[in-house]
Amino acid sequence: MDFMDIFICTNVFIPLRSSPSHRSEMTSQILFGERFKILESAASWLRIETEYDSYKGWIDSAHSGYDRFTETETGIITGRELVCIKEDGSPVLVYPGSELFNLSDDFSSFRICEADFQIEGGCAEKFVPSATFTETALEFLNSPYLWGGRTPGGIDCSGLVQIVCKIHGMKMPRDAARQAELGTMISFFGEAQPGDLLFFSGEGGNITHTGILLSMDKIIHASGNVRVDRADHQGIWRD
């Protein structure tokens, strides 16, 4: 493989691992339509860097869910879950935050790497996020927690924040500690507004958790599952 090539995920997602082994932890996922470049190879494994968030990790080269991508256009980010039908009739579940290319004017089909897909019930509304940032976050409610996950099928705390931001056109790093470096810090918890990001530190002061403020005392976050809990300047409280 040419290390100068750009590749694109053509499956629901590709697991991104910390080291070249299926036993290593999944640190993130490459979603359908997201692009990446190859940095190095080791046996059947490829170390890659994602184009969206510059995240690095290892994928199994035997994974069939990617292809070379030569186009330079920007993908359209999905705001809803889509069922897409391949040319062979098999379905592909496309999660929110995925990217589609060469979308038809009536939003009924798209093309990636010469492969055509039909969108079940395709319409423009499926690509428009909910009216507010917090409403989009609530669409992930009850999704199971999965370390390294970025989909409603399994998601972690920073993955939830990143994908909600991506759907609303805001680029956000993958990890909570790096997310906390962006934006403007407020002095008091009472100054926070719905849609603001909350970050929590563990022992040593390192950022270990994040979520999205829904109201003055409610946070949506991924902990066991995506749930709503009470929050204040001291932390998160479960009812």
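On a predicted model such as this, the values are computed, not experimentally measured, just so you know.

Draft legend 1. View of the pattern of salt bridges. In the structure shown here, the tally under the stated rule is 14 salt bridges. Linking Glu-40 and Arg-47 is a salt bridge whose minimum nitrogen-to-oxygen distance equals 3.6 Å. Residue class for Glu-40 comes out partly exposed when judged on its relative accessible area of 33%. Classification of Arg-47 by relative accessible area gives partly exposed; the value is 25%. With its nearest N and O atoms 2.9 Å apart, the salt bridge here joins Glu-99 to Lys-166. Note that Glu-99 is positioned in strand β11 (residues 99-100) and Lys-166 in helix α2 (residues 157-167), a separation of 67 residues in sequence. Accessibility assignment for this pair places Glu-99 and Lys-166 in one class, buried. Here the residues in one salt-bridge network are Glu-34, Arg-35, Glu-51, Glu-99, Arg-150 and Lys-166, joined through shared partners.

Draft legend 2. Inspection of unusual backbone geometry at higher detail. For Ser-54, which is not glycine, the phi torsion reads 55° and is therefore positive. Here Ser-54 lies in the loop between β5 (45-50) and β6 (56-60). At Phe-107, a residue that is not glycine, the phi angle is positive and equals roughly 60°. With respect to the helices and strands, Phe-107 occurs in the loop between β11 and β12 (109-112).

Draft legend 3. The arrangement of the side chain of Thr-136 in detail. By the element assignment, Thr-136 lies in helix α1 (residues 133-138). Beyond its immediate stretch of four places on either side in the chain, Thr-136 contacts Pro-129, Ser-130, Val-164, Ile-167 and His-168.

Draft legend 4. Looking closely at the environment of Ser-21. Within the secondary structure layout, Ser-21 lies in the loop between β2 (13-17) and β3 (26-31). Considered as a pair, Ser-21 and Gly-211 are 190 residues apart in the sequence and their alpha carbons are 31 Å apart. Within polar-contact distance, the side chain of Ser-21 engages the backbone nitrogen of Arg-23 at 3.0 Å.

Draft legend 5. Quick look at the environment of Glu-120. Within the secondary structure layout, Glu-120 lies in the loop between β13 (115-119) and α1. Judged by its relative accessible area of 46%, Glu-120 is partly exposed. Sequence separation between Glu-120 and Asp-106 is 14 residues; the distance between their C-alpha atoms is 12 Å. Excluding residues within four positions of it along the chain, Glu-120 makes contact with Val-83, Ile-85 and Lys-126.

Draft legend 6. The packing of aromatic side chains, seen in detail. Across all of its chains, the model carries eight aromatic pairs by this definition. Measuring from centroid to centroid gives 6.0 Å for Phe-32 and Phe-110, while their planes differ by 85°, and the two rings are edge-to-face. A residue pair is termed long-range when its members are at least 10 positions apart, and Phe-32 in the loop between β3 and β4 (35-42) and Phe-110 in strand β12 qualify at 78 residues. Just as Phe-32 is buried, Phe-110 falls in that class too.

Draft legend 7. Structural detail: the pairing of β3. With six of its six residues buried, β3 lies for the most part within the structure. Examined bridge by bridge, β2 and β3 share five bridges and lie antiparallel to one another. Bridging across to β3, Pro-15 finds its partner in Gln-29.

Draft legend 8. Here's a closer look at the sheet that holds strand β16 (residues 197-201). An order of β16-β17-β18-β19-β20 is seen for the five strands of this open sheet, with the pairing classed as antiparallel. With one partner strand each, in any of the chains shown, β16 and β20 (235-237) form the two edges of the open sheet. Neighbour-to-neighbour, the strand axes of the sheet open up by a mean angle of 45°, direction not taken into account. Relative to strand β17 (residues 207-215), β16 runs antiparallel, the two sharing five bridges.

Draft legend 9. How the structure looks around the sheet that holds strand β9 (residues 82-85). Taken in spatial order, the four strands make up an open sheet running β10-β9-β13-β12, and their pairing is antiparallel. The open sheet is flanked by β10 (91-94) and β12, the only strands paired with a single partner. Each strand axis lies, on average, 35° off the axis of its neighbour in the sheet, ignoring direction. Where β9 meets β10, four bridges bridge the pair, whose relative direction is antiparallel. Considered in β10, the bridge of Val-83 is made with Leu-93.

Criteria and cut-off values
Residues numbered from 1 in each chain as written. Predicted model: local features only at pLDDT ≥ 70, side-chain atom pairs only at ≥ 80, totals over all residues. Heavy atoms only, no water. Salt bridge = Lys/Arg side-chain N within 4 Å of Asp/Glu carboxyl O. Buried < 20%, exposed > 50% of the residue type's maximum accessible area, 1.4 Å probe, protein only. Helix = DSSP H or I, 4+ residues; strand = E, 2+ residues; numbered from the N terminus. Contact = heavy atoms within 4.5 Å. Polar contact = N/O pair within 3.5 Å; in protein donor to acceptor, adjacent residues only side chain to side chain. Phe/Tyr/Trp six-rings, centres within 6.5 Å; stacked < 30°, edge-to-face > 60°. Pairing = 2+ DSSP bridges. Axes fitted to C-alpha atoms, helices over the stretch in contact; angles between N-to-C directions.

Nothing here speaks to function; it is geometry throughout.
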